[in-house]
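# Inside the fold
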Amino acid sequence: MSQRRKIIIDTDPGQDDAAAIMLALGSPDELDVLGITTVAGNVPLTLTARNARILCELCGRPDAKVFAGADAPLVRPLVTAEHVHGKTGLDGPDLDEPNMPLQAMHAVDYIVDTLRSEPAGTVTLCTLGPLTNVALALQKAPDIAGRVAEIVMMGGGFFEGGNITPAAEFNIYVDPEAADIVFRAGVPIVMMPLDVTHKVLTLKTRVEKLRAIGSRPAIALVEMLEFFERFDVEKYGSDGGPLHDPTVIAYLLRPELFDGRVCNVAIETASELTAGMTVVDWWQVTDRKPNARVMRDVDSHGFFELLTERVARL
């Protein structure tokens, strides 16, 4: 069997982050979750740090290490998404307050120390929220850019436009300056934009398969998804909402489920109208150097089969 992949999950939970964390923790044979770092995004930092620990305990992993990071974007005021995720970020189920401690070290220091202490090219950063922590780590320790195996991120959109403004996807919009730093860093990047995530919908038949598992983690996830999807069902008129963040973890487990191409991605930071836009040179009409593998298609059936199988293991 191939070696377990070492990952750090950087997250702002968020019901879809919860699904991603469950998918990762339900895949211990393939993924070694070294730590979970939290950032302000869907809800403020105090709640994202709380929610990450709630999810670890829900998944039977109170031994996991959770680190709190940046409580605001690099230069902009924080924009949050309680209108989507509810006031806690994990609205839907009744969840216990966490007992496991928050680690004393700052998330940025943890990212830097881990990338320096692990062999170069062996740690993957999985980013599910704004890129503030990763940008701060790259600013603090530029040497780590050459030590990251790759960054697999949920963020951006191109053909689908944006979901928080007409031009911008939420994670990038919250901290476009951080995203700009990350995309310019020379680190291998795999990008899961709205173009992919809008194709993995929580259809009723898929949610019922999760419900049929019957375990506490599965039922909690179903209740989260039923709360979370109400916003997108109303917005997009679909049977179910897009499940954004688990695409990152699914790619690590089953890359063959996804299809895309390598191209240049630039981040808009100056325009008020299009701040946070991911300008993807899909058709290679510029001479800008490719810096990301941008996914556009996904086998949604295979994705939900994987998610259901791994949640059932928790």
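Preceding block: the structure.
Between proline 13 and the following residue, glycine 14, the backbone shows a cis peptide bond with an omega angle of -5°. With respect to the secondary-structure elements, glycine 14 resides in the loop between strand S1 (5–11) and helix H1 (15–25). Of note in the backbone geometry, glutamine 284 takes a positive phi value of approximately 55° without being a glycine. Tracing the backbone through its elements, the reader meets glutamine 284 in the loop between strand S9 (278–280) and strand S10 (292–298). With a relative accessible area of 54%, glutamine 284 lands in the exposed category.

Where helix H9 (residues 204–213) contacts helix H12 (residues 300–311), the two axes come as close as 9 Å, and the packing angle between them is 15°. In terms of their interaxial angle, H9 and H12 are classed as roughly parallel. Where H9 crosses over H12, the two elements pack in a sense that is right-handed. Here H9 contributes Arg206, Lys209, Leu210 and Ile213 to the contact with H12, which in turn contributes Ser300, His301, Phe304, Thr308 and Val311.

So, on to the packing of helix H4 (residues 107–117) against helix H5 (residues 132–140). When two helices pack together, their arrangement is given by the angle between the helix axes and by the axis-to-axis distance. As a packed pair, H4 and H5 sit with axes 9 Å apart at the nearest point and diverge in direction by 60°. Accordingly, the angle class assigned to the pair H4 and H5 is oblique. Both H4 and H5 take part in a crossing whose hand is right-handed. Together, Ala107, Val108, Asp109, Ile111 and Val112 of H4 and Asn133, Leu136, Ala137 and Lys140 of H5 make up the contact between the two elements. Its residues assigned to classes, the contact of H4 with H5 shows six nonpolar, one polar and two charged.

Turning to the packing of aromatic side chains, a few remarks are in order. For the structure shown, the criterion picks out five aromatic pairs. With 3.9 Å between their ring centres and 15° between their planes, phenylalanine 67 and tyrosine 110 make a pair best called stacked. Of the two residues, phenylalanine 67 sits in strand S3 (residues 66–68) while tyrosine 110 sits in helix H4, which places them 43 residues apart along the sequence. Between the aromatic rings of phenylalanine 303 and phenylalanine 304, the centroid separation amounts to 5.0 Å while the plane-to-plane angle is 85°, which identifies the pairing as edge-to-face.

What follows covers the nonpolar core. Of all hydrophobic cores here, the largest spans 57 residues; its most connected members are Ile7, Ile9, Ile249 and Phe258. At eight residues, H1 tops the list of elements feeding residues into this core. Within the second largest apolar cluster, 37 residues are counted, among which are Phe67, Leu138, Ile172 and Met191.

All right, on to the side chain of aspartate 281 then. Counting through the fold element by element, aspartate 281 comes out in the loop between S9 and S10. When residues no more than four places from it in sequence are discounted, the contact partners of aspartate 281 are Cys263, Asn264 and Thr286.

So, on to the side chain of threonine 48. Secondary-structure assignment places threonine 48 in helix H2 (residues 45–58). Within the structure, the side chain of threonine 48 is placed 3.1 Å from the backbone oxygen of valine 39, a separation counted as a polar contact. Other than its neighbours up to four places away in sequence, threonine 48 contacts Asp12, Pro13, Thr38, Val39, Ala40 and Val43.

Counted according to the given criterion, the structure contains 16 salt bridges. A salt bridge links arginine 4 to aspartate 32, with the shortest nitrogen-to-oxygen separation between them at 3.9 Å. Placement of arginine 4 in the segment before S1 and of aspartate 32 in strand S2 (residues 31–38) is noted, with a sequence separation of 28 residues between them. One salt bridge connects lysine 140 with aspartate 109, and the closest N-O pair in it is separated by 2.2 Å. Here lysine 140 is found in helix H5, whereas its partner aspartate 109 is found in helix H4, with 31 residues between them in sequence.

What counts as what
Residues numbered from 1 in each chain as written. Predicted model: local features only at pLDDT ≥ 70, side-chain atom pairs only at ≥ 80, totals over all residues. Heavy atoms only, no water. Helix = DSSP H or I, 4+ residues; strand = E, 2+ residues; numbered from the N terminus. Buried < 20%, exposed > 50% of the residue type's maximum accessible area, 1.4 Å probe, protein only. Axes fitted to C-alpha atoms, helices over the stretch in contact; angles between N-to-C directions. Parallel < 35°, antiparallel > 145°, perpendicular 65-115°, else oblique. Left-handed = near helix turned anticlockwise from the far one by under 90°. Contact = heavy atoms within 4.5 Å. Nonpolar A, V, L, I, M, F, W, Y, C, P; charged D, E, K, R; others polar. Phe/Tyr/Trp six-rings, centres within 6.5 Å; stacked < 30°, edge-to-face > 60°. Core = buried A, V, L, I, M, F, W, Y, C linked by side-chain atoms within 4.5 Å. Polar contact = N/O pair within 3.5 Å; in protein donor to acceptor, adjacent residues only side chain to side chain. Salt bridge = Lys/Arg side-chain N within 4 Å of Asp/Glu carboxyl O.

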